[in-house]
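Listed below, chain by chain, are the residues.
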Protein chains: 4
Amino acid sequence: MALYKADCRASLSLVSRTMTETRVRYAETDQMGVAYHANYLVWCEMGRTDFIREHFKSYADVERDGVRLAVADAQVRYLAPARYDEIIRIETRLADVRSRAVAFEYTITRPADDVRLATARTVLVSVDGAQRPVAMPAELRGRLAAASE
Amino acid sequence: MALYKADCRASLSLVSRTMTETRVRYAETDQMGVAYHANYLVWCEMGRTDFIREHFKSYADVERDGVRLAVADAQVRYLAPARYDEIIRIETRLADVRSRAVAFEYTITRPADDVRLATARTVLVSVDGAQRPVAMPAELRGRLAAASE
Amino acid sequence: MALYKADCRASLSLVSRTMTETRVRYAETDQMGVAYHANYLVWCEMGRTDFIREHFKSYADVERDGVRLAVADAQVRYLAPARYDEIIRIETRLADVRSRAVAFEYTITRPADDVRLATARTVLVSVDGAQRPVAMPAELRGRLAAASE
Amino acid sequence: MALYKADCRASLSLVSRTMTETRVRYAETDQMGVAYHANYLVWCEMGRTDFIREHFKSYADVERDGVRLAVADAQVRYLAPARYDEIIRIETRLADVRSRAVAFEYTITRPADDVRLATARTVLVSVDGAQRPVAMPAELRGRLAAASE
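Residues numbered from 1 in each chain as written. Chains lettered and ligands numbered in written order. Predicted model: local features only at pLDDT ≥ 70, side-chain atom pairs only at ≥ 80, totals over all residues. Heavy atoms only, no water.

Draft legend 1. Main features of the overall build of chain A. For chain A, the helix and strand inventory stands at 4 helices and 5 strands. Seen in sequence order, chain A has helices and strands lined up from the N terminus as α-β-α-α-β-β-β-β-α. Per-residue burial over chain A gives 62% buried out of 149 residues. Approximately 5900 Å² of chain A is accessible, and the part contributed by carbon and sulfur atoms is 49%. (Helix = DSSP H or I, 4+ residues; strand = E, 2+ residues; numbered from the N terminus. Buried < 20%, exposed > 50% of the residue type's maximum accessible area, 1.4 Å probe, protein only. Areas by Shrake-Rupley, 256 points an atom, 1.4 Å probe, with all protein chains shown as cover.)

As structure tokens, then:
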């Protein structure tokens, strides 16, 4: 999947973004006293859900239409720990849209002191109910493409 | 749901049991330094999965046949903390079988020092794909009933 | 632990309550297409966190003072499934306060159609850093007691 | 962190590996009917735990010695879905050891049909109790280095 092109990055400054805030749950901590690293992918998913709802419609409805966006690649760079009860902010932006795939980028920060906690990127591919890759519905692709311009 | 009858308990000594062992994951700890309490329900589900497989067939196949067992009631009594990397044992037994519901009981121990960590009970109801209660398939009910005699 | 007294219930109508809302995450669903049952305990913990913050201070600060509230008993009755992307509301109230233990009760609803999804009860005991039961600090106990009157 | 060198890869064929097997839990599925993507990081952590235990000692003991390995970077490439009740195998190998960081690589497969489900890489940094980077203890580093030769 050739989605990691430098040229996608060039347009990032024009991309519309959505902001999602959540409070770190006790369940999300581990015995190191900080949020467990896998939860950052859950937070990215929350950001992505909000992005898709804001720019198109609820992803629940996208799935009811028969299309699912399955995560094909995920990367997280952890910069500072998030702790229990802190409010964190997930900024989500669309980095690339192709016929069968879409890449989102995320920045997770702690608004209280404006510290950047993590950056992440996920690539999702459009699949049918049997998990086979299919072209993204035109309307979904169009809305996402519009959101990245 | 009148499944909590004292008389179900009377037959427990005759009930066949299954044993499941697992190692506490780092992901399962919280900042108190012990396993987070909600995970005990996940461990019970692992025990239940093993019980159903041993006495009938994979619960994955039960679902493919169109029946799902949805948790209707869950109780956990926490007796001692489980910690990261410890091996824990889930003992699962069937406590009651009705036409649309089945109750499992669990004892979670740490074999290393034979400490009892928790006891639990879950009631599951048989539902169809739309989450409506349905009678349990005769074969499933029969196998479970046989396992409790 | 004799916290399950009928007489605690009598005062419930006078108890102050807190409301917490959250949106069901994709991560919280399972292949039955509904929220996985163990997550309800996580939602209760969110409600409890908000209750303690509103009536006293952040539970994070309570822990920094050296006291932890460990879950000793949990019960959930599941009434209707919660689904992805639905907003759910957790109503938390304090049911009983003792010197070393406190019981919370929860009602989880879906405000969109006012359906009750679950009721739950958790008993927490006050423990020190070594997980040994200790008396609850007077201020914490006093604030909680005040919240239940 | 310059750990992503092509030359680390050259020695991989000589690296000792550990194998970890686990069964996909119902709790780990999502409404797409497959294992939720964030769980792959949990499975990698299980593989890493086994690797460290086999080549040195329990990571629980490493933490008791005052050192923690915090995840600084994680990448997962998802190749095929894992499903409920399937046994999956995590192959863990050490890709690089530095004074303050260590990189692990993982291949997750389904032994039943030998399908490769995912590949992953995590970089961990050695931190003290306050999450500050510190040099890895000589013995830990030595054992890990020995395991990669």
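Draft legend 2. Inspection of the nonpolar core at higher detail. One finds Trp43 of chain A together with Trp43 of chain D to be the most contacted residues of the largest nonpolar core, which totals 104 residues. The residues contacting Trp43 of chain D, other than those within four sequence positions of it, are Arg25 of chain B together with Thr22, Val24, Glu28, Ala35, Ala82, Ile88, Ile90 and Ile108 of chain D. Formed by 103 residues, the second largest nonpolar core is a distinct cluster that contains Met32 and Tyr106 of chain B together with Val34 and Ala147 of chain C. (Core = buried A, V, L, I, M, F, W, Y, C linked by side-chain atoms within 4.5 Å. Contact = heavy atoms within 4.5 Å.)

Draft legend 3. Spotlight on the packing of aromatic side chains. Residue and element names in this part refer to chain C. Enumeration over the complete set of coordinates arrives at 24 aromatic pairs over all chains. Both rings, one in Tyr40 and one in Tyr78, keep their centres 4.9 Å apart while their planes meet at 80°; by these two values the pair is edge-to-face. Of this pair, Tyr40 sits in helix H2 (residues 39–55) while Tyr78 sits in strand S2 (residues 68–78); the two residues are 38 residues apart in sequence, bridging distant segments of the chain. For Tyr40, a relative accessible area of 3% translates into the label buried. A ring pair is formed by Phe51 and Phe104, whose centres lie 5.5 Å apart and whose planes are at 80°; its orientation type is edge-to-face. Highlighted residues: Phe51 in helix H2 and Phe104 in strand S4 (residues 101–110), separated in sequence by 53 residues. On the basis of relative accessibility, which here comes to 0%, the residue Phe51 falls in the buried class. (Phe/Tyr/Trp six-rings, centres within 6.5 Å; stacked < 30°, edge-to-face > 60°.)

Draft legend 4. Broad picture of the relation of the copies chain A and chain C. Superposing chain A onto chain C takes a rotation of 180° combined with a translation of 0.0 Å along the rotation axis, leaving an RMSD of 0.0 Å. The transformation relating the two chain copies, once decomposed into turn and shift, fits a two-fold axis. Proximity to the rotation axis, assessed at the C-alpha, singles out Thr22 of chain A in chain A; its C-alpha lies 4.5 Å from the axis. When the interface residues of chain A are mapped onto chain C, 100% of them again lie at the interface, so the same face is used by both copies. (Least-squares fit on C-alpha atoms with pLDDT ≥ 70 in both.)

Draft legend 5. Empty space enclosed by the protein, seen in detail. By the definition in use, this model includes 1 cavity of 30 Å³ or more. Taken as a whole, the largest cavity encloses approximately 730 Å³ of empty space. Lining the largest cavity are 30 residues, and of these Ala27 and Asn39 of chain A, Asn39 of chain B, Asn39 of chain C together with Asn39 of chain D sit closest to its centre. Looking at the lining of the largest cavity, the elements that each hand over two or more residues are helix H2 (39–55) of chain A, helix H2 (39–55) of chain B, H2 of chain C together with helix H2 (39–55) of chain D. Here the lining of the largest cavity gets 3 residues from one element, more than from any other, and that element is H2 of chain D. Per-class residue counts for the lining of the largest cavity are 17 nonpolar, 5 polar and 8 charged. (1 Å grid on protein atoms, 1.4 Å probe; cavity = no way out; pocket = protein on both sides within 12 Å on 5 of 7 lines; lining within 4 Å. Points joined across faces, edges and corners; volume = space filled by probe spheres on them. Nonpolar A, V, L, I, M, F, W, Y, C, P; charged D, E, K, R; others polar.)

Draft legend 6. Structural view of the relation of the copies chain D and chain A. For the pair chain D and chain A, the relating rotation is 180°, the translation along its axis is 0.0 Å, and the fit reaches an RMSD of 0.0 Å. Both copies contact each other with a shared surface, as 100% of the interface residues of chain D are interface residues in chain A too.

Draft legend 7. Seen up close, the sheet that holds strand S3 (residues 87–97) of chain B. Pairing in this open sheet of 10 strands is antiparallel, and the strands run S1(B)-S3(B)-S4(B)-S5(B)-S2(B)-S2(C)-S5(C)-S4(C)-S3(C)-S1(C) from one edge to the other. In the strand order of this sheet, the two ends are held by strand S1 (17–23) of chain B together with strand S1 (17–23) of chain C, each with one partner. In this sheet, neighbouring strand axes are inclined to one another by 25° on average, regardless of whether the strands run parallel or antiparallel. Note that S2 of chain C and strand S5 (residues 115–127) of chain C share 10 bridges and pair antiparallel. Bridge pairing in S5 of chain C places Arg68 of chain C opposite Val127 of chain C. Strand contacts of H2 of chain B: S1, strand S2 (68–78), S3, strand S4 (101–110) and strand S5 (115–127) of chain B together with S2 of chain C, with the helix running at about 135° to S1 of chain B, the strand carrying the most contacts. On top of the sheet, helix H4 (residues 138–147) of chain C reaches S2, strand S3 (87–97) and S4 of chain C; it is set at about 110° to S3 of chain C, its chief contact. (Pairing = 2+ DSSP bridges. Axes fitted to C-alpha atoms, helices over the stretch in contact; angles between N-to-C directions.)

Draft legend 8. Region of interest: the interface of chain D and chain A. Each partner contributes to the interface: chain D provides 27 residues, whereas chain A provides 27 residues. Together, the buried faces of chain D and chain A total about 2300 Å²; carbon and sulfur atoms form 50% of this surface. Together, Met32, His37 and Gln131 of chain D form the three largest contributors to the area buried by chain D at its contact with chain A, with a combined 25%. In this structure, the connection of chain D to chain A is made through 2 salt bridges. Salt-bridge contacts for Asp73 of chain A lead to Arg77 of chain D; the nearest nitrogen and oxygen are separated by 2.9 Å. Connecting chain D to chain A are 10 residue pairs in polar contact (both at pLDDT 80 or more). Residue assignment for the side of chain D that touches chain A shows that the elements contributing at least two residues are H2, helix H3 (59–64) and strand S2 (68–78) of chain D. (Buried area = accessible area lost by both parts, 1.4 Å probe. Salt bridge = Lys/Arg side-chain N within 4 Å of Asp/Glu carboxyl O. Polar contact = N/O pair within 3.5 Å; in protein donor to acceptor, adjacent residues only side chain to side chain.)

Draft legend 9. View of the side chain of Gln131 of chain C. When you line up the elements, Gln131 of chain C lands in the loop between S5 and H4. For Gln131 of chain C, the residues in contact, after removing those within four places along its chain, are Met32, Val34, Pro81 and Arg83 of chain B together with Ala70 of chain C.

Draft legend 10. Region of interest: the environment of Phe104 of chain D. We classify Phe104 of chain D as buried; its relative accessible area is 0%. Taking C-alpha positions, Phe104 of chain D is 4.5 Å from Leu94 of chain D, a pair spaced 10 residues apart along the chain.

Draft legend 11. Seen up close, the pattern of salt bridges. Applying the stated criterion across every chain yields a total of 68 salt bridges over all chains. Its salt-bridge partner being Lys57 of chain B, residue Asp65 of chain B comes within 2.6 Å of it at the nearest N-O pair. Residue Arg89 of chain C pairs with Glu21 of chain C through a salt bridge whose shortest N-O separation is 2.9 Å. Of this pair, Arg89 of chain C sits in strand S3 while Glu21 of chain C sits in strand S1, and the two are 68 residues apart along the sequence. Here Arg89 of chain C falls in the partly exposed class, since its relative accessible area comes to 29%.

Draft legend 12. Expanded view of the side chain of Asp30 of chain B. Here Asp30 of chain B shows up in the loop between S1 and H2. Although Asp30 of chain B lies buried, it forms no salt bridge, and the closest oppositely charged side chain, Arg68 of chain C, sits 7.2 Å away as judged by the N-O distance. Those residues within four positions of Asp30 of chain B in sequence are excluded, and the remaining contacts are Tyr26, Thr29, Asp30 and Gln31 of chain A together with Tyr36 of chain B. (Lys, Arg positive; Asp, Glu negative; His and termini not counted.)

Draft legend 13. View of the environment of Gly142 of chain B. Structurally, the position occupied by Gly142 of chain B is in helix H4 (residues 138–147). Through-space distance from the C-alpha of Gly142 of chain B to that of Tyr36 of chain B is 36 Å; in sequence the pair is 106 residues apart.

Draft legend 14. How the structure looks around the interface of chain A and chain C. Taken together, the contact pairs 18 residues of chain A with 18 residues of chain C. Roughly 1500 Å² is buried in total at the junction of chain A and chain C, and carbon and sulfur atoms are behind 43% of that figure. Area buried by chain A at its contact with chain C is led by Arg25, Tyr26 and Tyr84 of chain A, which between them contribute 39% of it. The interface formed by chain A and chain C includes 4 salt bridges. The salt bridge involving Glu28 of chain C is made with Arg25 of chain A; its shortest N-O contact spans 2.7 Å. Those elements that provide at least two residues to the side of chain A that touches chain C are strand S1 (17–23), H2 and helix H3 (59–64) of chain A.

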